Amino acid sequence: MSKRIRRAAPARGAPRPTITVCRGCCCGTPKIGGLDHTARLRDLRQTLDDTATVRVTDCLGACERANVIVVQPSAAGRKAGGRPVWLGLVNDPDATTDITTWVEGGGPGLADPPGILDLYTFQPSRRVRADLHD
């Protein structure tokens, strides 16, 4: 698992939520067919440009749940009790729309996620979580 991360430029002002999009060995590849992964990432970045930092990372180690997205709270969200939310099997455009709507509303700690996102939420192993924060 590589630690290489490409970060979007942070916005001015208050720290924002961070969206980490896995693009490793399975996520964002032809292994998950029928999706235009490049267009979906571009749309996510454009939609959240003023709201969140969207970054791409290599494999997050949860390949059985490809495509994986992690929504990390802003500083205010973390202060309000928000914690990173791991979402797997994000292969439906409606799921991406639900994620962006939630993040635009504040994200973890500041806004409740749409109930449908419960179907995508999972808890990765401690090793996988630690790798994300290194």
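Each remark here, short or long, concerns the structure printed above.
Below or above, wherever it landed, is the structure these notes cover. (Residues numbered from 1 in each chain as written. Predicted model: local features only at pLDDT ≥ 70, side-chain atom pairs only at ≥ 80, totals over all residues. Heavy atoms only, no water.)

Residue placement: arginine 23 occurs in the loop between β2 (18-22) and α1 (37-47). For the buried arginine 23, no salt bridge exists, and the shortest N-O distance to an oppositely charged side chain is 8.5 Å, to aspartate 36. Setting aside anything within four residues of it in sequence, one finds arginine 23 in contact with Gly28, His37, Leu41, Val56, Thr57, Asp58 and Asn67. (Helix = DSSP H or I, 4+ residues; strand = E, 2+ residues; numbered from the N terminus. Buried < 20%, exposed > 50% of the residue type's maximum accessible area, 1.4 Å probe, protein only. Lys, Arg positive; Asp, Glu negative; His and termini not counted. Salt bridge = Lys/Arg side-chain N within 4 Å of Asp/Glu carboxyl O. Contact = heavy atoms within 4.5 Å.)

This model, assessed by the stated rule, comprises 2 cavities of 30 Å³ or more. Val21, Arg23, His37, Arg40, Leu41, Leu44, Asn67, Val68, Ile69, Val90 and Thr96 together form the lining of the largest cavity. Of the residues in the lining of the largest cavity, the class split is 6 nonpolar, 3 polar and 2 charged. (1 Å grid on protein atoms, 1.4 Å probe; cavity = no way out; pocket = protein on both sides within 12 Å on 5 of 7 lines; lining within 4 Å. Points joined across faces, edges and corners; volume = space filled by probe spheres on them. Nonpolar A, V, L, I, M, F, W, Y, C, P; charged D, E, K, R; others polar.)

Attention now goes to the environment of glycine 105. Counting through the fold element by element, glycine 105 comes out in the loop between α3 (93-104) and β6 (121-122). Considering only alpha carbons, one finds glycine 105 and threonine 51, 54 residues apart in sequence, at a separation of 9.0 Å. Not counting the four nearest positions on each side in its chain, glycine 105 is found in contact with Leu110 and Ala111.

This brings us to the nonpolar core. Ile19, Val71, Leu87 and Ile99 are the most contacted members of the largest nonpolar core, which totals 19 residues. Among the secondary structure elements, those contributing two or more residues to this core are β2, α1, β3 (53-57), β4 (69-72), β5 (85-87) and α3. Broken down by element, this core gets its largest block of residues, 4 residues, from α3. Residue contacts for leucine 87: discarding those within four places in its chain leaves Asn67, Val68, Ile69, Val71, Ile99, Leu117, Tyr120, Thr121 and Phe122. (Core = buried A, V, L, I, M, F, W, Y, C linked by side-chain atoms within 4.5 Å.)

This model, assessed by the stated rule, comprises 1 aromatic pair. Relative to phenylalanine 122, the ring of tryptophan 86 has its centre 5.9 Å away and its plane inclined at 75°; by these criteria the two rings are edge-to-face. Residue tryptophan 86 is located in strand β5, and its partner phenylalanine 122 is located in strand β6; the two are separated by 36 residues in the primary sequence. (Phe/Tyr/Trp six-rings, centres within 6.5 Å; stacked < 30°, edge-to-face > 60°.)

Turning next to the pairing of β2. Of all 5 residues in β2, 5 are buried; the element is thus mostly enclosed. The side-chain alternation of β2 yields two buried faces, one formed by Thr18, Thr20 and Cys22 and the other by Ile19 and Val21. With 5 bridges connecting them, β2 and β3 associate as parallel partners. Looking at β3, one finds that cysteine 22 is bridged to threonine 57. The parallel pair β2 and β3, bridged by α1, forms a crossover whose chirality is right-handed. (Pairing = 2+ DSSP bridges. Right-handed = clockwise from strand over helix to strand, strands pointing away.)

Moving on, we get to the pairing of β4. Residues Ile69 and Val71 of β4 are buried on one face, and the alternating residues Val70 and Gln72, pointing to the opposite face, are buried as well. With 4 bridges connecting them, β2 and β4 associate as antiparallel partners. Of the residues in β4, the one forming a bridge with threonine 18 is glutamine 72. Pairing between β4 and β5: 3 bridges, direction antiparallel. Residue pairing for β5: valine 70 is matched across the bridge by tryptophan 86.

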